[in-house]
Amino acid sequence: MNHEALLAELTLEEKIDLCHAQDKFSVAPIPRLGIESLVTSDGPNGIREEQAADEWRGLGREEDKATYLPAETVLAATWNAELCKLQGQVLAEEALYRGKDVVLAPGINIIRTPLGGRNFEYISEDPYLTAAIAVPYILGIQENDVAACVKHYALNNQETNRGEVNIEVSRRALYEIYLKGFKAAVKDADVACVMGAYNCYRNQHCCHNQHLVNDVLKGELGFQGVFMSDWAGTKDTREALYNGLDLEMGSERGSHRNDHMADALLELVRSNPNLTPLVDDKVRRSLRLHDRLHKGSALRKKGSFNTPEHQHVAYTVAAEGIIMLKNDDLLPIKDSTAHILVTGPNADLHQSNGGGSSAIAAFYEITPLKGIQNRFPNATIEYIDSQDIIQLEISARKADWVIYCGGLNHDLGFDCENEDKANMKLPSNQDLEISTVLSSNPNTVVLMTCGSPVEMPWISQARAVLWTGYAGMEFGNALADILLGVVNPSGKLTYTLPRHLEDHPSTRYGGYSFENNIYKDDIFVGYRGYDRDHIDPLFCFGHGLHYGSVDYQALVCQQDEAGIQATFRLTNTGSQPIKETAQLYIGHPGYIADRPPRELKAFSKVLLLPGESKEVSLHIPMEELDIYDEREGCFRFYDGDYQIFVGASSRDLPLSTILNIASR
Ligand code: BGC
């Protein structure tokens, strides 16, 4: 039966049942009409273990142990669309196998402040990169009979007081920075579901926000899918009915009959049947989703779980998502029989089971220590817990190499849902431990596992520093392959690493309060603010080194019918294959006041064999140059001289040219 015919068959009570959950993660079936239960599951880096029917309690079952994929900051650091698609595909296959219909991912909020507790689950401080990573990831999920659910719409950039904080932001920042990823998810990936955020905008909760949902998402962007609430993010029945919420999830009001969109909604519509079309629109969207997923059809794909292919994807994403921040002629480690001291709080720490809703019961997890043991079978590996500074110093002096594995973890107050970090300091005694090993042994490699920036006061002493987020079940193997030089690192930063929190635009411009957070950084989020105010970050957006180097030459740009065509040549001047992410930034004509000096508008990850030269061609559609006009309330294009820059990071741009661009 098509969904219009089904809609006509449904009673009002049944329709209302399709507008709210029956337990923590699913919506009730309607067996008499063959409508199956719709089952959702977290999350961005693997399929979450089964929870007790209506509690936040994992069942602890062996059979739920899933492929633990790298967190989104790691996936994004690959700058590799193909890998994003593969990660999406793995999620979908494991979701199908486990009987899930909707994967609650990807998280695409902008990484606005270094303190954000959920930064590790998001993609970038840059909206273009956010869109470029999210779109293939969503396609990878949705090409496999599973729905993606982008989250959290919108402006969910802080965790502390996330349920109540009101965000004040200019319209241009809203459109240019915070909504761009969502727009791409709808327009370019036809995302099936969108999840509302906990916070408020214009003093109205985002899960039922007239402007964000009705005007923008369903109006301007033409979203036809299901708009669901975050878990317990629905606060009001009338607003939910009128302001575009299609599905209430995760409410914590005892029986689900008490959900805002259960009996209270039923009463409201019973007392005023003119409201039925509003409910019909919500139900129609859910029925369309059932169709789209081929629910109830024998043709629906079956999925698979923990296959070697899935583990290989986890490995490849980790290998391309680890970033080499610094390497003063130290790495790789050529002596495979060396005495290697592995130390630091993250050396053997399992990270899969923390962070909040994205926690995974991992099938296995190769920590840095395990990976080094696996890949250096002939070395003498010494592992010490780094609490005792004297012992650390003695052991570091005796070893040929020291690998210090530090950074953050998923404890509340670090990279974890519900609370932001208090500052950018490394926890416990790490700064002292790192300084100690650095002064005891010049062959020290510092590995930082972090989902958000930390201060690194010892950086000038360190010869080699690797940076990564929570890199999944194959992390240790990928890391060890980079240490050995078997893999040439190719990850690049997707957010700026400040020297100090005070340097960051979100802090520098002020405006923060728990109740009403004013985004005074406006469009100058992340590198846009550093570049505008000439502040040097510790490591800039887009930075990441390889073994060997790449030469950039011969930039030629011209305008064509659809936008700007840029070509340039890359040459691998090193002796190993390199995967280089070339980045193109554009600065608007100088007469337009108050713009960032340059913004990312295109990139390409290119494999170059030793000595190889390749011509790279990038195309920037005209609408990428449009900017939001506050007064007119729309995007518009300005004629003039645009500066185009190409290079290896936002601060390493050897090629540039000026192109006069006119609207056509
Ligand atoms: C999180 C969502 C998550 C949901 C279900 C909420 O607390 O904000 O991202 O998908 O829980 O676990």
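Residues numbered from 1 in each chain as written. Predicted model: local features only at pLDDT ≥ 70, side-chain atom pairs only at ≥ 80, totals over all residues. Heavy atoms only, no water.

J.: Would you mind going over the pairing of strand β6 (residues 193-196) with me for this structure?
T.: Regular strands have side chains that alternate between both faces of the sheet. By the alternation rule, side chains of β6 split into C193 and M195 and V194 and G196, which are all buried. Pairing geometry for strand β4 (residues 147-153) and β6, over three bridges, is parallel. Within β6, the residue paired with Y153 across the bridge is G196. Summarising the sheet, β6 and strand β9 (residues 226-228) pair through three bridges and their orientation is parallel. Bridge pairing in β9 places C193 opposite V226. (Buried < 20%, exposed > 50% of the residue type's maximum accessible area, 1.4 Å probe, protein only. Helix = DSSP H or I, 4+ residues; strand = E, 2+ residues; numbered from the N terminus. Pairing = 2+ DSSP bridges.)

J.: Looking at this model, I keep getting lost on the site of the ligand. Mind explaining?
T.: The environment of the ligand is made up of 15 residues, and the closest members are D42, R118, H152, Y198 and D230. A distance of 2.4 Å is found between an oxygen atom of the ligand and a side-chain nitrogen or oxygen belonging to D42. Notes on the ligand: free accessible area 310 Å², of which the protein chains cover 97%. (Near = heavy atom within 4 Å. Polar contact = N/O pair within 3.5 Å; in protein donor to acceptor, adjacent residues only side chain to side chain. Areas by Shrake-Rupley, 256 points an atom, 1.4 Å probe, with all protein chains shown as cover.)

J.: What is the right way to read the pattern of salt bridges from this model?
T.: Pairing between side chains of opposite charge can happen when their charged atoms approach one another. In total, this model carries 50 salt bridges according to the counting rule given. Among the ionic pairs, R172 bridges to D522, the shortest N-O distance being 2.8 Å. In this pair, R172 sits in helix α6 (residues 171-178) while D522 sits in the loop between β16 (516-518) and α18 (527-532), placing the two residues 350 residues apart along the sequence. Salt-bridge contacts for E176 lead to R595; the nearest nitrogen and oxygen are separated by 2.9 Å. Remark: R595 occurs in the loop between β19 (578-587) and β20 (599-608) and E176 occurs in helix α6; sequence separation between them is 419 residues. Judged by relative accessible area, which is 11%, R595 ranks as buried. Residues participating in the shared-partner salt-bridge network are E50, R61, E63, D64, R98 and K100. (Salt bridge = Lys/Arg side-chain N within 4 Å of Asp/Glu carboxyl O.)

J.: I keep staring at the packing of helix α5 (residues 127-142) against helix α7 (residues 180-187) and nothing clicks. Help me out?
T.: Two quantities define a packed helix pair, namely the angle between the helix axes and the distance between the axes. Where α5 contacts α7, the two axes come as close as 8 Å, and the packing angle between them is 30°. It follows from the interaxial angle that α5 and α7 lie roughly parallel. The handedness of the crossing between α5 and α7 comes out as right-handed. Contacts between α5 and α7 involve P127, Y128, T130, A131, V135 and I138 on the former and, on the latter, K180, G181, A184 and A185. Taken together, the residues of the contact of α5 with α7 break down into seven nonpolar, two polar and one charged. (Axes fitted to C-alpha atoms, helices over the stretch in contact; angles between N-to-C directions. Parallel < 35°, antiparallel > 145°, perpendicular 65-115°, else oblique. Left-handed = near helix turned anticlockwise from the far one by under 90°. Contact = heavy atoms within 4.5 Å. Nonpolar A, V, L, I, M, F, W, Y, C, P; charged D, E, K, R; others polar.)

J.: Any chance you could explain helix α11 (residues 276-292) here in plain terms?
T.: Owing to its 3.6 residues per turn, the α-helix brings residues three or four apart onto one side. The end-to-end C-alpha distance of α11, which contains 17 residues, comes to 24 Å, matching closely the 24 Å that a straight helix rising 1.5 Å per residue would cover. Restricting attention to buried positions, one finds in α11 the residues V279, D280, K282, V283, R285, S286, L287, L289 and H290. (Expected span 1.5 Å × (residues − 1).)

J.: Hey, could you run me through the packing of aromatic side chains in this one?
T.: Working definition: an aromatic ring pair is given by the centre-to-centre distance plus the angle between the planes. Tallied over the full model, the rule gives 19 aromatic pairs. Their ring planes at 40° and their centres at 5.6 Å tell us that F25 and W231 sit as a pair that is tilted. With a gap of 206 residues between them, F25 in the loop between α2 (12-17) and β1 (26-27) and W231 in the loop between β9 and α9 (237-242) connect regions that are remote in the sequence. When sorted by exposure, F25 lands in the same class as W231, which is buried. On the numbers, 6.2 Å between centres and 80° between planes, the contact of Y153 with F227 is edge-to-face. Here Y153 is found in strand β4, whereas its partner F227 is found in strand β9, with 74 residues between them in sequence. In this structure, R508 is placed above the aromatic ring of Y509, and the distance from its NZ or CZ to the ring centre is 5.2 Å. Taking NZ or CZ as reference, R636 lies 4.1 Å from the ring centre of Y638, over its face. (Phe/Tyr/Trp six-rings, centres within 6.5 Å; stacked < 30°, edge-to-face > 60°. Lys NZ or Arg CZ within 6 Å of the ring centre and 35° of its normal.)

J.: What exactly am I supposed to notice about the environment of R300 here?
T.: Looking at the element boundaries, R300 is found in the loop between α11 and α12 (308-321). With residues up to four places along the chain from it excluded, the contact list for R300 reads L96, K100, D101, D145, L293, H294 and K295. There is a polar contact of 2.8 Å between the side chain of R300 and the backbone oxygen of L293.

J.: What exactly am I supposed to notice about unusual backbone geometry here?
T.: Apart from glycine, the bulk of residues carry a negative phi angle, and the bulk of peptide bonds sit in the trans form. A cis geometry characterises the amide bond from A105 onward to P106, with omega recorded as 0°. Within the secondary structure layout, P106 lies in the loop between β3 (102-103) and α5. For the bond running from L331 to P332, omega is 0°, close enough to zero to count as cis. Here P332 lies in the loop between β10 (323-327) and β11 (339-343). At R202, a residue that is not glycine, the phi angle is positive and equals roughly 50°. Structurally, the position occupied by R202 is in the loop between β7 (200-201) and β8 (204-205). The class for R202 is partly exposed, based on a relative accessible area of 46%. Even without a glycine there, the phi angle at S428 is positive, about 50°.

J.: In this structure, what is going on with the nonpolar core? I would like to understand it.
T.: Generally speaking, soluble globular proteins have nonpolar side chains that are buried together. In terms of nonpolar packing, the biggest core is built from 184 residues, with Y153, M228, M448, M456, W458, W467 and F568 touching the most fellow members. The element contributing the most residues to this core is α5, with nine residues. With 33 residues, the next largest nonpolar core counts C405, V445, A471 and L479 among its residues. (Core = buried A, V, L, I, M, F, W, Y, C linked by side-chain atoms within 4.5 Å.)

J.: Would you mind showing me how to read the sheet that holds β7 here?
T.: Note: strands within a sheet are paired through backbone hydrogen bonds, in either parallel or antiparallel orientation. Here four strands make up an open sheet; going across it, the order is β8-β7-β5-β16 and the pairing mixed. The open sheet has two free edges, formed respectively by β8 and β16, since each of these has just one partner strand. Here two bridges tie β7 to β8, and the two strands are oriented antiparallel to one another. Note that in β8 the partner of C200 across the bridge is H205.

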